[in-house]
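So you can see what is in the structure, the chains are spelled out below.
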Amino acid sequence: MRMNEEMLNSLRTIGTGGVVVHLTTCSAEGIPNTVGERFVAAFGEEHIVIADMFAQKTKVNLNENPGGVITVAQPVKGRHWAFRGPCTILMWGEDENYDFHGVRAGDVLREWGDWASKEPPSEVPPDIRPPALCQRGVITLKVDEVYSWKPEESGRPVL
Amino acid sequence: MATMTPRMKAWLEKFGAHIGTATKQGYPTTIVVEQASITGDGVVAFNLTPAQANQIKDNIAQNPYVALAPHAIASIRAAYQFKGPAALSGNTLQVTVKEIYCTKPGPEAALRLDVLPLEHIVKFEESRWRDSGPPK
């Protein structure tokens, strides 16, 4: 599913006009894991990428249940979206021709595999800045569905 | 039940949470609720709209375990994740927190906090963050 222009524009790090997004994954038994993620971008029009900085539970979950939801919450700009679809972590060392729902691992890793160099978190205050940024790979979600999380219409399909 | 610190309660109450739910087979649905109330040390209540309650009611019925991640500015300043069983009564979702994790990126990511004595958690918070809750 293709995201619209406004959605694509929202998928940026805070320092470049975006917002922290939240990624929910689940174990095979259905135990959810929901965490805020700062390093986010659109990759093409159908994929969302997030830096994998040793997201431990996320990795375990995606290994056994490769799907997720990414919520973008910026109500003042009218952004109330939840993106759902297959999700994986493309890690350094992956065959660069590995195709994940239309994107090649090598292409994703070359563009976003060293996020801290490309978009350093210079605006983050010292007490919440990570002491070191080590990236293992890129969490990649193929958007199959978009619904609104806006309270009065939660769950309504957006696209 | 896990014991939440005053800092955790303050951030969660003011800003609410992204609430991760799933079917028993692990198909996820997340809703966002922008306010919460804390009843007791480890029980968090959310007032849902009818649409929100309707969206997650089947998930909660078959698989009550949920995950909470603080919303908005709290997602940056209050890097916690809370997990536990939830019950939906009318439009009120009540979550009994059983697990608390630090989600600050880096070496402390996924550090489990609820297994520590409360005074150790408070010391941990004081050593990592300059605030004791959201601005008044």
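Here goes a summary of the coordinates provided. Computed from a prediction, not measured in an experiment: that's the story for all the values here. (Residues numbered from 1 in each chain as written. Chains lettered and ligands numbered in written order. Predicted model: local features only at pLDDT ≥ 70, side-chain atom pairs only at ≥ 80, totals over all residues. Heavy atoms only, no water.)

### Points about the overall build of chain B
No. 1: The helix and strand tally for chain B stands at four helices and nine strands.
No. 2: From first element to last, N terminus to C terminus, chain B shows the α and β order α-β-β-β-β-α-β-α-β-β-β-β-α.
No. 3: Taking 136 residues into account, the globule formula puts the C-alpha radius of gyration at 14 Å, and chain B, at 14 Å, falls close to it.
No. 4: Oriented by its inertia axes, the alpha-carbon framework of chain B measures out at about 40 × 30 × 25 Å.
No. 5: Of the contacts made within chain B by residues no fewer than 6 positions apart, 58% connect residues no fewer than 24 positions apart.
No. 6: Total accessible area computed for chain B in this model is approximately 5700 Å², and 54% of it derives from carbon and sulfur atoms. (Helix = DSSP H or I, 4+ residues; strand = E, 2+ residues; numbered from the N terminus. Rg over C-alpha atoms; globule rule 2.2 N^0.38 Å. Contact = heavy atoms within 4.5 Å. Areas by Shrake-Rupley, 256 points an atom, 1.4 Å probe, with all protein chains shown as cover.)

### A few points about the environment of Ile100(B)
Residues and elements named next belong to chain B.
No. 1: Topologically, Ile-100 is positioned in strand S8 (residues 99-102).
No. 2: Accessibility expressed as a relative area gives 0% for Ile-100, which makes it buried.
No. 3: Distance from Ile-100 to Thr-3, taken between C-alpha atoms, is 8.8 Å for residues 97 residues apart in sequence.
No. 4: Beyond its immediate stretch of four places on either side in the chain, Ile-100 contacts Ala-2, Thr-3, Met-4, Met-8, Gln-81, Phe-82, Leu-111, Arg-112, Leu-113 and Asp-114. (Buried < 20%, exposed > 50% of the residue type's maximum accessible area, 1.4 Å probe, protein only.)

### Digging into the environment of Pro157(A)
Residue and element names in this part refer to chain A.
No. 1: Summarising the element assignment, Pro-157 is placed in the segment after strand S10 (145-148).
No. 2: The spacing of Pro-157 and Tyr-147 is ten residues in sequence and 4.2 Å in space, taken between C-alpha atoms.
No. 3: Setting aside chain neighbours within four positions, we find Pro-157 in contact with Val-146 and Tyr-147.

### Some remarks on the pairing of strand S2 (residues 32-37) of chain A
All names here are of chain A.
No. 1: Within S2, five of the six residues are buried, leaving the element largely enclosed by the surrounding structure.
No. 2: With six bridges joining them, strand S1 (residues 21-26) and S2 adopt antiparallel strand pairing. Each residue of the ladder has a partner; that of Leu-23, found in S2, is Val-35.
No. 3: Count of turn residues in the S1/S2 antiparallel hairpin: five residues, of which Gly-30 carries a positive phi of about 95°. (Pairing = 2+ DSSP bridges.)

### Section: helix H2 (residues 50-62) of chain B
Each α-helix winds once per 3.6 residues, and so residues spaced three or four apart point in a common direction.
No. 1: The end-to-end C-alpha distance of H2(B), which contains 13 residues, comes to 19 Å, matching closely the 18 Å that a straight helix rising 1.5 Å per residue would cover.
No. 2: Restricting attention to buried positions, one finds in H2(B) the residues Ala51(B), Gln52(B), Ala53(B), Gln55(B), Ile56(B), Asn59(B) and Ile60(B). (Expected span 1.5 Å × (residues − 1).)

### Details of the interface of chain A and chain B
No. 1: Listed as interface residues are 38 residues of chain A and, on the opposing side, 41 residues of chain B.
No. 2: Counting the surface lost from both chain A and chain B, the interface buries some 3100 Å², and carbon and sulfur atoms represent 56% of this.
No. 3: Viewed at the interface, chain B and chain A are joined by zero salt bridges.
No. 4: Joining chain A to chain B, the criterion identifies 19 residue pairs in polar contact (both at pLDDT 80 or more).
No. 5: Broken down by secondary-structure element, the contributors of at least two residues to the side of chain A that touches chain B are S1, S2, helix H2 (56-64), strand S5 (67-74) and S10 of chain A.
No. 6: Of the residues in the side of chain A that touches chain B, the class split is 18 nonpolar, twelve polar and eight charged. (Buried area = accessible area lost by both parts, 1.4 Å probe. Salt bridge = Lys/Arg side-chain N within 4 Å of Asp/Glu carboxyl O. Polar contact = N/O pair within 3.5 Å; in protein donor to acceptor, adjacent residues only side chain to side chain. Nonpolar A, V, L, I, M, F, W, Y, C, P; charged D, E, K, R; others polar.)

### Describing the pattern of salt bridges
No. 1: Under the defined criterion, the tally for this structure stands at 16 salt bridges over all chains.
No. 2: Linking Arg104(A) and Glu96(A) is a salt bridge whose minimum nitrogen-to-oxygen distance equals 3.5 Å.
No. 3: For Arg104(A), a relative accessible area of 27% puts it in the partly exposed group.
No. 4: Linking Asp41(B) and Lys9(B) is a salt bridge whose minimum nitrogen-to-oxygen distance equals 3.2 Å. Remark: Lys9(B) occurs in helix H1 (residues 6-15) and Asp41(B) occurs in the loop between strand S3 (37-38) and strand S4 (43-47); sequence separation between them is 32 residues.
No. 5: Its relative accessible area of 39% is what places Asp41(B) among the partly exposed residues.
No. 6: Each of Glu96(A), Arg104(A), Asp107(A) and Arg110(A) takes part in one network of salt bridges that share partners.

Any link to function would need more than the numbers given here.
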